[in-house]
Amino acid sequence: MKADRDFGALHSIPAEDVYLSVVVPVRDEADNLRLLHEDLLATLGTLGISYEIIYVDDGSRDASLAELTKIADSDKASTVIQLRRNFGQTAALSAGIDHARGGVVVCLDADLQNDPADIPELLAKLEEGYDLVSGWRANRKDHWLFRNSVSRVANTIISCITDLKLHDCGCTLKAYRRELLHHIRLYGQMHRFIPAMAAMVGAAVAEIPVNHRPRIHGRSKYGLGRTFSVVMDLLTVKFLSGVSGNAIKVFGGFGLILVGLSFCSGLAMFFQKILYGISFIQTPLLLLSALLFILGFQSIFMGLTAELLIRTYHESQGKPTYVVRNIYKGDR
Ligand code: UDP
Ligand code: MG
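Enquirer: Quick one: what's the story with the site of ligand 1, residue by residue and with numbers?
Expert: Neighbouring ligand 1 are 18 residues; E29, D58, D111, S220 and K221 lie closest to it. Take Q89: an N or O atom from its main chain is 3.5 Å from a nitrogen atom of ligand 1. A total of 540 Å² of accessible area belongs to ligand 1 in isolation, and the protein chains cover 96% of it. Taken together, the residues of the shell around ligand 1 break down into 4 nonpolar, 5 polar and 9 charged.

Enquirer: Residue-level account of the packing of helix α5 (residues 144-162) against helix α8 (residues 225-243), with values.
Expert: At their nearest, the axes of α5 and α8 sit 11 Å apart, and the two run at 5 degrees to each other. The pairing of α5 with α8 is recorded here as roughly parallel in orientation. Side by side, α5 and α8 meet where R147, V150, I157, I158, I161 and T162 of the first sit next to R226, T227, V230, L234 and K238 of the second. Taken together, the residues of the contact of α5 with α8 sort by class into 6 nonpolar, 2 polar and 3 charged.

Enquirer: Mind laying out the packing of aromatic side chains, listing which residues take part and the relevant values?
Expert: Enumeration over the complete set of coordinates arrives at 4 aromatic pairs. Taking 5.2 Å as the distance between ring centres and 85 degrees as the angle between the ring planes, the aromatic pair formed by F270 and F280 counts as edge-to-face. Placement of F270 in helix α9 (residues 247-276) and of F280 in the loop between α9 and α10 (285-316) is noted, with a sequence separation of 10 residues between them. Of the residues examined, F280 reaches a relative accessible area of 28% and is grouped as partly exposed.

Enquirer: Quick rundown of helix α2 (residues 64-74)? Include the residues and the values.
Expert: Among all positions of α2, only S64, E67, L68 and I71 are buried. Along α2, the residues classed as buried sweep out an arc of 95 degrees about the axis, all on the same side. If you follow the buried residues of α2, they end up packed against β1 (20-26), α1 (30-44), β2 (51-57) and β3 (78-82).

Enquirer: Explain the side chain of S299 residue by residue, including any values.
Expert: Locating S299 in the fold gives a position in helix α10. Judged by relative accessible area, S299 falls into the buried class, the value being 6%. Within the local environment of S299, its side chain forms a polar contact with the backbone oxygen of F251, the two atoms lying 2.8 Å apart. Here S299 is in contact with F251, G252, F254 and G255, once residues within four sequence places are set aside.

Cut-offs applied
- Residues numbered from 1 in each chain as written.
- Chains lettered and ligands numbered in written order.
- Predicted model: local features only at pLDDT ≥ 70, side-chain atom pairs only at ≥ 80, totals over all residues.
- Heavy atoms only, no water.
- Near = heavy atom within 4 Å.
- Polar contact = N/O pair within 3.5 Å; in protein donor to acceptor, adjacent residues only side chain to side chain.
- Areas by Shrake-Rupley, 256 points an atom, 1.4 Å probe, with all protein chains shown as cover.
- Nonpolar A, V, L, I, M, F, W, Y, C, P; charged D, E, K, R; others polar.
- Axes fitted to C-alpha atoms, helices over the stretch in contact; angles between N-to-C directions.
- Helix = DSSP H or I, 4+ residues; strand = E, 2+ residues; numbered from the N terminus.
- Parallel < 35°, antiparallel > 145°, perpendicular 65-115°, else oblique.
- Contact = heavy atoms within 4.5 Å.
- Phe/Tyr/Trp six-rings, centres within 6.5 Å; stacked < 30°, edge-to-face > 60°.
- Buried < 20%, exposed > 50% of the residue type's maximum accessible area, 1.4 Å probe, protein only.
- Arc of directions from axis to C-beta.

Below, the structure written as structure tokens:
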């Protein structure tokens, strides 16, 4: 392990009492937890940094919680957050991130599929000046068809749509600068879109290949149904990135085009009447004009409504419409 790297001495990350928070979402992983904790300690212990490990019990029905409380009793650096019921992996990650104190947050799965031994590499890459380093399961050990192939197609689509080229969005093993996560709210299955959302607020994102291991204990919590949620979340993310701040331009522009077309169709109708004596009710143009006009106005009003919603969103949360990376003063 790379004990020679002195991460704590590097000052690009603000000094905090804890340098690194490791966040682990847990749902029915009783047989994995002890091994995972040992792996984590083996890696983190050699780094010479201050760290904490936050386990989030996401409504487990097996002995996970009992395992976790044993771990927390025996290790001061570990905290267990118990959620009241199962809220899903993304919500569990959010809970852990909200309670994290470290300047850097690393998330990983509890099922031993992610390898804690990759954490030093992620931190080293972050120290090169990135805000987010994402793991890429280059040699993924899941079902080739139902998981790996579906995921490959999904990743290609996601990277086309979100303008951020990553090989593997779904890998939980990622390192983040915590302050970056303050600007991102997570819903649904959205943890996989954190890199895309981070890139939207101007974060520097890197990706490195990481180890991936087959699941030995416990079962995967997901099937093909997740693909649907991911696609829906993708649409939301794309909408938020493309439309927010431009709502009236996008919808209004579309609406104006439709209203314009409606006038053209009206004009054509008049010319037909004057030149060829075709009555208004003999042509479909009247209907077309009316339809285009109504659709156009609807679209303009939709733009205005979206614009209002976006302003309410920013103002109700006191959210600025910008994100500051750094403030320099004098020689600092
Ligand atoms: N998980 C969770 N809440 C859920 C489902 C999953 O906290 O509702 C956790 C689970 O315990 C594991 C991680 O999220 O640590 C990834 O889940 P899983 O291994 O089932 O997903 P896969 O690797 O098959 O995509
Ligand atoms: Mg897994």
